[in-house]
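# Coordinate inspection notes
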Amino acid sequence: TSTSIEPCIDLSLGLHKAPTVHAALGLFTRAELLKGEDQYSCPECSALVDATKTILVQSAPPVLALHLKRFRHGRHGAEKLGQMVKFDEELDLADFCAEDDAGDGPLSYRLHAAVVHQGSSLHSGHYCCYARAPSGVWHSYDDGSVQQVSAQRVL
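## Here's the deal with the environment of Q39
Along the polypeptide, Q39 turns up in the loop between β2 (32-34) and β3 (40-41). For Q39, a relative accessible area of 27% gives the class partly exposed. Counting along the chain gives 12 residues from Q39 to A51, while the straight-line C-alpha distance between them is 6.8 Å. For Q39, the residues in contact, after removing those within four places along its chain, are L34, L48, V49 and D50.

In structure tokens form, the structure reads like this:
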């Protein structure tokens, strides 16, 4: 058994097989079998052995940033994934934390902002941002334009 603990400020989630943020978190924390070319190097005996690797949140941060990797690597290089990704205004991390060990941080998070890349390529496009004001009202920020928008448009 080997345990590594690293600070958690943000999580980088692959979306290739995940239609929702919740599903992406499930894939991120799913146990992965390391075998064949991916075998684990045992620090005690220096042998390559089959092992199971699991990533869980040990200590939840006060503010959670999620980076959604909207690309995949294929035969022709990297390509942008154009699928819609569903997410809710609330996210509970309890299912993705080490047992009884989420630290002092919150386990429930409320969405406050989303940065969106518009464009069909990894090499070009435009970014805009949606952010919730302290009053709870959502706004779209696009270059010099700020407009009030509905929560449904953000989600």
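There's more to say after this.
## Some remarks on the sheet that holds strand β13 (residues 138-142)
Spatially, four strands are ordered β11-β12-β13-β14 in an open sheet, and the strand pairing comes out antiparallel. With partners counted over all chains shown, the strands left at the sheet margins are β11 (113-118) and β14 (145-149), one partner each. In this sheet, adjacent strand axes meet at a mean angle of 20 degrees when their direction is disregarded. In this structure, β11 lies alongside strand β12 (residues 126-132), joined through six bridges in antiparallel fashion. Among the inter-strand pairings, Q118 is bridged to a residue of β12, identified as H126.

## Here we look at the side chain of S140
Its place among the elements puts S140 in strand β13. With residues near it in sequence (within four places) discarded, S140 still touches C129, Y130, S145, V146, Q147 and V149.

## A closer look at the pairing of strand β7 (residues 71-74)
One ladder, built from four bridges, connects β7 with strand β8 (residues 77-80); its direction is antiparallel. Opposite R72, over in β8, you have E79 as the bridge partner. The antiparallel hairpin formed by β7 and β8 contains two residues in its connecting segment.

## Here we look at unusual backbone geometry
In this structure, S46 is a non-glycine residue whose phi angle is positive, near 65 degrees. With respect to the helices and strands, S46 occurs in the loop between β3 and β4 (48-49). Located in the positive-phi region is D143, a residue other than glycine, with phi close to 55 degrees. Considering the arrangement of structural elements, one finds D143 in the loop between β13 and β14. D143 gets classed as exposed once you look at its relative accessible area, which sits at 68%.

Scoring rules and cut-offs
- Residues numbered from 1 in each chain as written.
- Predicted model: local features only at pLDDT ≥ 70, side-chain atom pairs only at ≥ 80, totals over all residues.
- Heavy atoms only, no water.
- Helix = DSSP H or I, 4+ residues; strand = E, 2+ residues; numbered from the N terminus.
- Buried < 20%, exposed > 50% of the residue type's maximum accessible area, 1.4 Å probe, protein only.
- Contact = heavy atoms within 4.5 Å.
- Pairing = 2+ DSSP bridges.
- Axes fitted to C-alpha atoms, helices over the stretch in contact; angles between N-to-C directions.

Everything listed is a geometric property; what it means functionally is a separate question.
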